[in-house]
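A structural walkthrough
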Amino acid sequence: MNWTSNKSIRLSKGCVVTFAVLVAVFDLIGWKLLRDLAVHVDTMRGWTRPEMILFSVCLYVLSVPAYILLLHMWKLLSNIQKGNVFEAANVKHLRIISYACAGAVIVGLVGSFICLPVLILPIAAAFMMLIVRIIKNIFQQAIEMKSELDLTI
Amino acid sequence: MEIIVNLDVMMAKRKISAGELAERIDITPANLSILKNNKAKAIRFSTLMAICHELECQPGDILEFRDDPKE
């Protein structure tokens, strides 16, 4: 099988859709999942009702940056698929993706006050935010270089 | 501080239109317009060579350096 860049983009888009579906499924049945976990997981059995509610709210609020992140990933991939790679619109999508990661860091930190192992989530989100910001900087430089090249006669 | 491209003057002297010059030096009319209107950021030697050949002139006839007035 010949692997092309178009197939690679389609695979990435497929992963974005898969993640979106997973987030949607969690939004629909997450409350039931948490209720079952609260019965079976030792750490969660000791939680008070307000702690349980706050943790559930944190998990549901995390869906918001998740959807924003996935939407802008989709738009970024669509632009790249059309051949519009180094453009200001893509820099904007990357910026919003980094802001969504920052949102996930903040919400994750709140959740980690209730359940410390959850701290891995904001740490991972912060690292992803850093990587995305560096990629955004690279795109900005590339746009300047492309502009220079386009105006070279 | 800038480099001014005085293509219009040489084109008028040689009585050649923008479209014809663009075709002869194998660049698009849009790119020639960018050059004429001083919007270009750089020019390739190959393009400069082709322009000088068609307009029978030297690079200095079409490129002019203008410095900022020193205070």
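For the structure, check the block above.
Note that the structure is a prediction, hence the values are computed from the model and not measured.

Remarks on the overall build of chain B
Within chain B one finds five helices and two strands. Moving toward the C terminus, one meets the helices and strands of chain B in the order β-α-α-α-α-α-β. Here the C-alpha atoms of chain B give a radius of gyration of 12 Å, agreeing with the 11 Å that 2.2 N^0.38 yields for 71 residues. With the C-alpha coordinates aligned to their principal axes, the bounding extent of chain B is approximately 45 × 20 × 20 Å. Burial analysis of chain B (71 residues in total) assigns 27% to the buried set. Pairs at least 24 apart in sequence give 66% of the contacts found in chain B among residues at least 6 apart. Per element, the accessible surface of chain B, about 5000 Å² overall, is 53% carbon and sulfur. In chain B, 10 side chains carry a positive charge and 12 a negative one; their mean positions are 2 Å apart.

Considering the packing of aromatic side chains
All names here are of chain A. What the rule picks out here adds up to two aromatic pairs over all chains. Ring plane angle 35° and centroid distance 5.5 Å describe the contact between Phe26 and Tyr60, whose orientation is recorded as tilted. Taken together, the residues Phe26 in helix H1 (residues 5-40) and Tyr60 in helix H3 (residues 49-61) connect sequence positions 34 residues apart. Residue classification places Tyr60 among the partly exposed residues on the basis of a relative accessible area of 26%. The ring of Trp74 is capped by Lys13, whose NZ or CZ atom sits 4.6 Å from the centre of that ring.

Criteria and cut-off values
Residues numbered from 1 in each chain as written. Chains lettered and ligands numbered in written order. Predicted model: local features only at pLDDT ≥ 70, side-chain atom pairs only at ≥ 80, totals over all residues. Heavy atoms only, no water. Helix = DSSP H or I, 4+ residues; strand = E, 2+ residues; numbered from the N terminus. Rg over C-alpha atoms; globule rule 2.2 N^0.38 Å. Buried < 20%, exposed > 50% of the residue type's maximum accessible area, 1.4 Å probe, protein only. Contact = heavy atoms within 4.5 Å. Areas by Shrake-Rupley, 256 points an atom, 1.4 Å probe, with all protein chains shown as cover. Lys, Arg positive; Asp, Glu negative; His and termini not counted. Charge placed at Lys NZ, Arg CZ, Asp CG, Glu CD. Phe/Tyr/Trp six-rings, centres within 6.5 Å; stacked < 30°, edge-to-face > 60°. Lys NZ or Arg CZ within 6 Å of the ring centre and 35° of its normal.

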